[in-house]
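Remarks on the overall topology
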Amino acid sequence: QVQLVESGGGLAQAGGSLRLSCVASGSIGSFEGVAWYRQTPGAQRELVARFTSRGSADYADSVKGRFTISRDNAKNTMFLQLDSLKPEDTAVYYCNALCRRRDSGILSPYWGQGTQVTVSA
């Protein structure tokens, strides 16, 4: 099994910053893709940032220039730096990883449990 555990959410004021972390553990063979999503009540989960298959970062238009995705492959950890936060960034943020398991070789998507980000005006 593969587990993703997020941390770093919380309350911030508009214009402030937060840093989200997502640590992967378990039978990890390789990652084919990693991304961050967010979801607000009643809305679909939306892609916020991801690393493409070429290794470059890709962002939703609403967060370009404000959010930064990064990763530490040695520690199986990815990050999302949230700067210049706006009240509309309030959501539950989820990390997602497309991982090939070391034990079975099966490629599957995995999700973290989500971390709440609340931005006050």
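Here's a quick rundown of the structure. (Residues numbered from 1 in each chain as written. Predicted model: local features only at pLDDT ≥ 70, side-chain atom pairs only at ≥ 80, totals over all residues. Heavy atoms only, no water.)

1. A few points about the side chain of threonine 77
Position of threonine 77 among the secondary structure elements: in strand E8 (residues 77–82). The exposure class assigned to threonine 77 is buried, which follows from its relative accessible area of 11%. From its side chain, threonine 77 meets the backbone oxygen of lysine 75 in a polar contact 2.8 Å long. Aside from chain neighbours lying at most four places away, what touches threonine 77 is Cys22, Val23, Arg71 and Asp72. (Helix = DSSP H or I, 4+ residues; strand = E, 2+ residues; numbered from the N terminus. Buried < 20%, exposed > 50% of the residue type's maximum accessible area, 1.4 Å probe, protein only. Polar contact = N/O pair within 3.5 Å; in protein donor to acceptor, adjacent residues only side chain to side chain. Contact = heavy atoms within 4.5 Å.)

2. Let's talk about the environment of serine 7
Position of serine 7 among the secondary structure elements: in strand E1 (residues 2–7). In sequence terms serine 7 and leucine 18 are eleven residues apart; their C-alpha atoms lie 10 Å from each other.

3. Describing unusual backbone geometry
Not every positive phi belongs to a glycine, and asparagine 76 is a case in point at roughly 50 degrees. Inspection of the secondary structure assignment puts asparagine 76 in the loop between strand E7 (67–72) and E8. Residue serine 84 is not a glycine yet carries a positive backbone phi of 50 degrees. Relative to the helices and strands, serine 84 resides in the loop between E8 and strand E9 (91–101).

Interpretation in functional terms is not warranted from these geometric data alone.
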